Structure formats: structure tokens, C-alpha cells
Amino acid sequence: MSTHTQSLSLTDRIGARTVAGLMALVIGSILVFGVGLANSQTLHDAAHDTRHSYGFPCH
Amino acid sequence: MIVRLLLAALAAGLIAGMAMTPAQYLKTIPLIMQAEAYEHGEVPHSHGETENAVAAPAAEATGHGHDHGAEDSMLGFGRFWDTVLANLVAGAGFALMLAAVALLTGIGFPEGRDGVTRGLLLGAAAWFCVQLAPSMSLPPAVPGFPYADLGDRQGWWVIDVVASAIGVWCIAMRPEWLVKALGVVLIVAPHIWGSPVPEDLSSEVPAYIASAYAAASLATTLFFWLLLGGLLGSFLSRVPEEQTA
């Protein structure tokens, strides 16, 4: 793409890699927290074997 | 480009997460099952709750029951599919975080074999930070093991993973010797500070299961992280740089 759009989006200012990186960091943290650390009984039971296998502190 | 980067990471994570389920059923989950048999024997749980699987409905309990009947599983299909789902979510989550580290620290993936190699190195570094480093003070534990307070252990675990990651970055990515030395300090410090240790170390679970389990956990997760890193390197190298959205 040779021409940029007019709007000064976040992407224009800090770069697409950084935006993608930050988005990946946020979404990834939420997923890992939900599987590995969230203190919910339902999540714990469902992810039980996964938590143990990955060495997350569990119980 | 952003969406393609995220999708590339997601694809790598889902494949690696999918591959993790058979690996776990081969190595770790049989040991978890064995340990649970001892746990349910009649050992009082370290949390002090009555853990009679037959009596109270697990949904009511505030503690940590381990009732894995099909009826109270998350999807309703039973323990196996819960684990499949959890592994997919964990794979996606770890993949996104690994991709985030690569993107934010400026690690690029050249096309072809070099990209894969770099991904493998990144995966190995992540395995060190997320698995090996915490396990040196907080070994991967089977059910029925003596436990320190969960919140304390989770706090220490998160701090150790983050400190190890920053430490590895300092050592691998920065040329200054002082920063490299600081990286070593960051990796070692949480272990000197010490992880939460249970007061009573006695357990009904046989030592053989415990040691086999710790090794199995580290081995299966090494497989996971290398696969994830290699796939991530390969997939991210195919996302063209100057492309919007």
C-alpha cells in the first residue's frame, strides 16, 4: 500500500507490529489466566488436567 | 497485517494445543489419575474440606473438589473434551503471548528455515521461562500433593515467569554485559527469595509417581513449546510486512 488513509489511527502512530503485539499480549494474557490461574470452580474443573500438566499452581 | 499476525499466532497455538492432548494422555494424565486414586483414598485434603465425591454436589463447594464425571464437565462431554478445550485455549493464549513478545521486542522471522529456527529458539526460551524456571522452586505437582496457599503460589509463579522472561531478554537480546548480569540476577532472585512451601510435606502419593510426573510435565511442555515456536516462526514469516489490516 503506497497511500495511507487520512485518519491518524493508533496503527499509524506506533506501527502495526506494536499494535498487533499489544493486542496479542492482552488477549493471550486473558486466555492463559482463564485456563491457568482463574479462581473459578467451573474453570478449574474443566482445565484441571491441563493446569497440572503445564505445572500451573493448582488446587 | 494486524489481523493476519494475530491469526498466524492463533493458528500456531491451536495446532500446538491440539497436539498437546495426546502428549498429555501419553505421559502426564495417567499419572494424574493414579495420584488421584491416592488422593481420594482417605487422605484428608490439605485445605481441610471434606472431599467426598459422592456426597455434596460439587457446584456448591467453594473448595477444590475433583469430581470429573461427565455430568459436571464444562461442555457436558466429560473430562477428555474438557482437557481438549483447555489445551486449545492454553495453546492459543501462549501462542498470542509468545507472538506478542516477538512483535514487541522486534524479533523478526525471516522466510524459510531461518524463521523456523528462530521460532524454535523463542519456544525454547519460553519453555525455560514458563516451565523450567518456576519448576525449580515450585515443581509440577500431581493431585494429592502437599500444597502451600494457592494464592501465594500463583503470585510467586507469575512473578517468576515474568522475571525469568525479562532476565532471558536481558541476556539474549542486549549486548551490554551489565544488563546481561542483571538478567542472571532477575532469573535467580525469585529462587533465592523462595517459593511458598507447604508446612507439612508428607503425602500419600508415592514418590515414584511424583518424580515421574515432574519429568513428564517438563518433557510434554518442551514438546509443546518447541512445536509452538517452530510453527509460530514459520507462520509469522509468511505475513508480509507492509500490509494494512
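Residues numbered from 1 in each chain as written. Chains lettered and ligands numbered in written order. Predicted model: local features only at pLDDT ≥ 70, side-chain atom pairs only at ≥ 80, totals over all residues. Heavy atoms only, no water.

- The name that an unreviewed UniProt entry assigns to chain B is CbtA family protein, with the source organism given as Hoeflea ulvae.

- The name given to chain A in an unreviewed UniProt entry is CbtB-domain containing protein, and the organism recorded there is Hoeflea ulvae.

Digging into the pattern of salt bridges
Opposite charge on two side chains lets them pair, provided their charged atoms get close.
Then, number 1: In the structure shown here, the tally under the stated rule is 3 salt bridges over all chains.
Then, number 2: Two residues, E36 of chain B and R79 of chain B, come together in a salt bridge whose shortest N-O distance is 3.3 Å. Placement of E36 of chain B in helix α2 (residues 29-40) and of R79 of chain B in helix α3 (residues 79-104) is noted, with a sequence separation of 43 residues between them. Here E36 of chain B and R79 of chain B have matching classes, each one buried.
Then, number 3: Here R174 of chain B makes a salt bridge to E176 of chain B, at a shortest N to O gap of 3.0 Å.
Then, number 4: Beyond isolated ion pairs, a larger network of salt bridges with shared partners links D49 of chain A together with E36 and R79 of chain B. (Salt bridge = Lys/Arg side-chain N within 4 Å of Asp/Glu carboxyl O. Helix = DSSP H or I, 4+ residues; strand = E, 2+ residues; numbered from the N terminus. Buried < 20%, exposed > 50% of the residue type's maximum accessible area, 1.4 Å probe, protein only.)

Quick notes on the nonpolar core
Then, number 1: Core analysis: the largest hydrophobic core is formed by 50 residues, its most contacted members being F94, F224, W225 and L228 of chain B.
Then, number 2: Broken down by secondary-structure element, the contributors of at least two residues to this core are α2 (16-36) of chain A together with α1 (2-26), α3, α4 (113-137), α5 (150-173) and α7 (207-236) of chain B. (Core = buried A, V, L, I, M, F, W, Y, C linked by side-chain atoms within 4.5 Å.)

Points about the UniProt feature "transmembrane region" (unreviewed entry) in chain A
Then, number 1: UniProt records the feature "transmembrane region" (unreviewed entry) for residues 20-38 of chain A in the present numbering.
Then, number 2: Taken end to end, residues 20-38 of chain A has its terminal C-alpha atoms 25 Å apart, with 89% of it in helix and 0% in strand. (UniProt positions renumbered as here; feature names shortened; annotations may be inferred.)

Focus on α3 of chain B
Then, number 1: Counted at 1.5 Å a residue, the expected span for α3 of chain B with its 26 residues is 38 Å, and the 37 Å between its end C-alpha atoms agrees.
Then, number 2: Where α3 of chain B ends, the next residue or the one after it, G106 of chain B, has phi of about 75°, a positive value. (Expected span 1.5 Å × (residues − 1).)

Notes on α5 of chain B
Note: α-helices contain 3.6 residues per turn, so residues at a spacing of three or four share the same orientation.
Residue and element names in this part refer to chain B.
Then, number 1: When the terminal C-alpha atoms of α5 are compared, their 34 Å separation across 24 residues agrees well with the 34 Å that a helix rising 1.5 Å per residue should span.
Then, number 2: Taken residue by residue, α5 has L150, R153, Q154, W156, W157, D160, V161, A163, S164, G167, V168 and C170 as its buried positions.
Then, number 3: The opening residue of α5, the one whose side-chain oxygen lies 3.2 Å from the backbone nitrogen of G151, is D149. (Polar contact = N/O pair within 3.5 Å; in protein donor to acceptor, adjacent residues only side chain to side chain.)

Comments concerning the packing of aromatic side chains
Residues and elements named next belong to chain B.
Then, number 1: Taken as a whole and judged by the stated rule, the model has 10 aromatic pairs over all chains.
Then, number 2: Between the aromatic rings of F94 and F224, the centroid separation amounts to 6.1 Å while the plane-to-plane angle is 65°, which identifies the pairing as edge-to-face. Taken together, the residues F94 in helix α3 and F224 in helix α7 connect sequence positions 130 residues apart.
Then, number 3: Their ring planes at 80° and their centres at 5.3 Å tell us that F224 and W225 sit as a pair that is edge-to-face. (Phe/Tyr/Trp six-rings, centres within 6.5 Å; stacked < 30°, edge-to-face > 60°.)

A short note on the layout of surface pockets
Then, number 1: A volume near 810 Å³ is recorded for the largest pocket.
Then, number 2: Lining the largest pocket are 27 residues, with M97, V101, C129, V161 and A165 of chain B positioned closest to its centre.
Then, number 3: Mapped by element, the contributors of at least two residues to the lining of the largest pocket are α2 of chain A together with α3, α4 and α5 of chain B.
Then, number 4: For the lining of the largest pocket, the class distribution of residues is 25 nonpolar, 2 polar and no charged. (1 Å grid on protein atoms, 1.4 Å probe; cavity = no way out; pocket = protein on both sides within 12 Å on 5 of 7 lines; lining within 4 Å. Points joined across faces, edges and corners; volume = space filled by probe spheres on them. Nonpolar A, V, L, I, M, F, W, Y, C, P; charged D, E, K, R; others polar.)

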